[in-house]
Amino acid sequence: MSSQIDHLLDENRRFAPDPAFAANAVAKPELYERAKADREGFWADQSRELLDWSTPFTEVLDWSNPPFAKWFADGSLNVAYNCLDRHVEAGNGDRVALYFEGEPGDSRAVTYAELTDEVKRLANVLTDLGIGEGDRVALYLPMIPEAVASMLAVARIGAVHSVVFGGFSADSLRSRIDDAGAKLVITADGGYRKGNVSPLKPAVDQALEDRGGLGPQATVEHVLVVKRGGNDIDWVEDRDIWYHDVVPQASAEHTAQAFPAETPLFILYTSGTTGKPKGILHTSGGYLTQAAFTHRNVFDLHPESDVYWCTADIGWITGHSYVVYGPLANGATQVLYEGTPEFPAPGRWWDVIEKYKVTIFYTAPTAIRGFMKQGRQIPQARDLSSLRLLGSVGEPINPEAWIWYREVIGAGKTPIVDTWWQTETGAIMVSALPGITETKPGSAQVALPGISIDVVDEKGEQVGNGNGGLLVITEPWPSMLRGIWGDPDRFVETYWSMFQDNGYYFAGDGARLDEDGDIWFLGRVDDVMNVSGHRLSTAEIESALVAHEATAEAAVVGASDETTGQAVVAFVILKESFLRENSAEGLANDLRAWVGQQIGPIARPRDVYIVGELPKTRSGKIMRRLLRDVAEGREVGDTTTLADTAVMSVISAQVR
Ligand code: WTA
């Protein structure tokens, strides 16, 4: 990490806001002063201004039982009404909500009136299927308008959605459905990816197989299936229902009922430092307030004229907050694209920007680095002149990628907002505000108005400008997670025990404050990896590896990778009997494929090294730091705390 810090210290390019942009910017510098003077009052104002409350709240924050926060608790609202009906009532029903672009080239525009109509019908269908307030509904869908409608219909009736990324395996889906105790699964036959139909329904069938005992098959009553891929699928009578058989026929009359602000809105599973993914719980009023506020101010949204595009899948938090809730609450017009950037050829994304005249574009550094590799001639062959703001999320953006993004995609003039946040924070926490902040390539800059961030040492003492440490959030914020589904102890332990005395939220990220107090993120300090902007846990992949019959022991590290940020590298000790009968290379390939099946293709290790031993301390803890040195081709660091100091030279030799 020290070479990275040195490199960032050399970065001294500065980009002042363009005065013309600033003159018309949504965010005003007064926001900072207002929030500083009265943080809770500031959020109350934002909430009243941005949302429609059926019962206005009188209380802003209840922090009487930390770390369990309540925001706007005596107010009530309907989240879907805020994202749909009110825009139609205000006369904007004909405004396009979604420009859907399918990977095969099919497209359709869905207006606010049409989306509202679809969500009302679907809400009636869900109610008919026995789904009510507090029930959990799992979604396993491609990036199609029905996915957005499903999330909103679930929210509309006060139920709780749990979206599972379509790239996750049947086993991952099974454990998520099971943990949430979902009653209904909404899926599609399949969706388009890289020119083929990637099946989804078969994974749902597999996830719901009866394996004896209690399991998801016991709680799930129905599977609602959208036809998208046209692929052949199996059908379970009485359980499976075609979406097109019930939704168009359902009544489009549906009055949204208001629910208290702390009504659970969704659960989203994310990787932590243990093998079991945690179900991050978000609620309604505070979440929607901060999603809408950040979407409007960070992206400088002018809903009547902008065309916004966030490339994230709805299976991730970015898709929740910046494809569904933030943009729709703000009445934005946005692009929803189903497929990958390379289909049918590199440059598809730039075609989409040209076609819809996208003005605001939000993507991840890993994608930008991929485009850099392909060369600037590909975007330069398209007309990208509609773009006026670019955003980045998911991992630190290196200055080279930042500059390329601005020069090549942003014609050397668009502001760039590097936005730091997490599944747990629900919405953006650290970012430049366009038109206000002078930006520095590689720095996420400053906490947003109303957000209290600090960088501290392990004792919780401020490190001060010019120093590095751990990022903490020092005051509760509206869109903060309300807990881990079914596991309040793990919630307290994971995020709040490290700085218990100070009451700080520990984010798990290392960060440095420069001389001006701007924040530079340095990556995770725990056993969470970040591969192409996706969170993966070393423990989760290790447990998948040891579940294979050939594996005796496994250790996984995240090694830096030019394109994906980090890559999964596994060190595996095989059982003697398997090594005798198979080639090490064949087994390594089997294990890569196995992890892909167990968790999903994103978790498949880039490298699997078969080794004879793993470096352990005297107390038996695996020293991943040393394995990372090997994986990154560096000289191995200090080995003095190892039980057997010779083991690293053996491993290095085996890896070579
Ligand atoms: C990392 C994604 C640096 C960070 C919204 C965080 C970032 C984790 C940035 C959360 C950024 C996200 N700069 N690091 N702009 N954005 N991260 O839950 O390590 O998928 O803790 O949320 O991604 O990942 P998650």
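Worth saying up front: this structure is predicted, and the values here are computed from it rather than measured.

Visitor: I'd like to hear about the pairing of strand S5 (residues 107–111), residue by residue, with values.
Guide: Looking at chain direction, strand S4 (residues 96–101) and S5 are connected through 5 bridges and run antiparallel. Across the sheet, residue Tyr-99 finds its bridge partner in S5, namely Ala-109. Linking S4 back to S5 in an antiparallel pair, the connection comprises 5 residues, with Gly-105 at a positive phi of about 110°.

Visitor: Can you break down the sheet that holds strand S25 (residues 519–524) residue by residue, with the values?
Guide: Pairing between sheet strands relies on hydrogen bonds along the backbone, with the strands arranged either parallel or antiparallel. Reading across the sheet, the 4 strands line up as S21-S22-S24-S25 and stay open at both edges, with antiparallel pairing between neighbours. A strand with exactly one partner marks an edge of an open sheet, and here the two such strands are strand S21 (453–456) and S25. In this sheet, neighbouring strand axes are inclined to one another by 45° on average, regardless of whether the strands run parallel or antiparallel. Bridge count for S21 against strand S22 (residues 468–473) is 4 bridges, and the pairing is antiparallel. Considered in S22, the bridge of Asp-454 is made with Val-472.

Visitor: Describe the packing of helix H20 (residues 538–546) against helix H22 (residues 584–598), and please don't skip the residues or the numbers.
Guide: Direction vectors running N to C along H20 and H22 enclose 115°, while the axes themselves pass 9 Å from each other. Once H20 is placed against H22, the crossing between them reads as right-handed. Within the contact between the two elements, H20 uses Ile-541, Ala-544 and Leu-545 and H22 uses Leu-591, Trp-594, Val-595 and Gln-598. Residues belonging to the contact of H20 with H22 are distributed by class as follows: 6 nonpolar, 1 polar and no charged.

Visitor: A description of helix H14 (residues 317–329) should follow, citing residues and the corresponding values.
Guide: In terms of residue burial, H14 counts as a mostly covered element, since 13 of its 13 residues are buried. Positive phi appears at Gly-331, one or two residues downstream of H14, with a value of about 70°.

Visitor: Quick one: what's the story with the UniProt feature "binding site: ATP" (unreviewed entry) in the chain, residue by residue and with numbers?
Guide: The UniProt record marks Gly-394, Glu-395, Pro-396, Asp-418, Thr-419, Trp-420, Trp-421, Gln-422, Thr-423, Asp-509, Arg-524 and Arg-535 with the feature "binding site: ATP" (unreviewed entry), using the residue numbering of this structure. Relative to the elements of secondary structure, Thr-419 occurs in strand S20 (residues 416–419). When residues no more than four places from it in sequence are discounted, the contact partners of Thr-419 are Val-298, Tyr-362, Ser-392, Val-393, Ile-428, Val-430 and Ser-431. Among the polar contacts listed, one links the side chain of Thr-419 to the side chain of Tyr-362, at a separation of 2.6 Å. Following the sequence through the fold, Arg-524 ends up in strand S25. Of the polar contacts made by the side chain of Arg-524, one reaches the side chain of Asp-509; its length is 3.5 Å.

Visitor: Could you give an account of the site of the ligand, naming the residues involved and the relevant values?
Guide: In the vicinity of the ligand lie 17 residues, with Thr-419, Thr-423, Asp-509, Arg-524 and Arg-535 positioned nearest. Between the ligand and Gly-394 there is a distance of 3.1 Å, counted from a nitrogen atom to a backbone nitrogen or oxygen. Protein contact buries 96% of the 520 Å² of open area that the ligand shows by itself. Looking at the shell around the ligand, the elements that each hand over two or more residues are H14, S20 and S25. Looking at the shell around the ligand residue by residue, the classes come out as 6 nonpolar, 6 polar and 5 charged.

Visitor: Can you break down the pairing of strand S14 (residues 264–270) residue by residue, with the values?
Guide: In summary, the side chains of a regular strand alternate between the two faces of the sheet. In terms of burial, S14 is largely enclosed, as 6 of its 7 residues are buried. The pairing of strand S7 (residues 160–163) with S14 spans 2 bridges and is parallel. Each residue of the ladder has a partner; that of Ser-162, found in S14, is Ile-267.

Visitor: How would you explain the pattern of salt bridges if you had to name every residue and give the values?
Guide: Here the idea is simple: oppositely charged side chains can pair when their charged atoms come close. According to the stated counting rule, one finds 38 salt bridges in the structure shown. With a closest N to O distance of 3.5 Å, Arg-39 and Glu-475 form a salt bridge. Pair noted here: Arg-39 is in helix H4 (residues 39–50) and Glu-475 is in the loop between S22 and strand S23 (483–484), with a separation of 436 residues, a long-range link. On the basis of relative accessible area, Arg-39 is assigned to the buried category, the value being 16%. Counted as one network, the salt bridges with shared partners bring together Lys-201, Asp-205, Arg-239 and Asp-240.

The rules behind each value
Residues numbered from 1 in each chain as written. Predicted model: local features only at pLDDT ≥ 70, side-chain atom pairs only at ≥ 80, totals over all residues. Heavy atoms only, no water. Pairing = 2+ DSSP bridges. Helix = DSSP H or I, 4+ residues; strand = E, 2+ residues; numbered from the N terminus. Axes fitted to C-alpha atoms, helices over the stretch in contact; angles between N-to-C directions. Left-handed = near helix turned anticlockwise from the far one by under 90°. Contact = heavy atoms within 4.5 Å. Nonpolar A, V, L, I, M, F, W, Y, C, P; charged D, E, K, R; others polar. Buried < 20%, exposed > 50% of the residue type's maximum accessible area, 1.4 Å probe, protein only. UniProt positions renumbered as here; feature names shortened; annotations may be inferred. Polar contact = N/O pair within 3.5 Å; in protein donor to acceptor, adjacent residues only side chain to side chain. Near = heavy atom within 4 Å. Areas by Shrake-Rupley, 256 points an atom, 1.4 Å probe, with all protein chains shown as cover. Salt bridge = Lys/Arg side-chain N within 4 Å of Asp/Glu carboxyl O.

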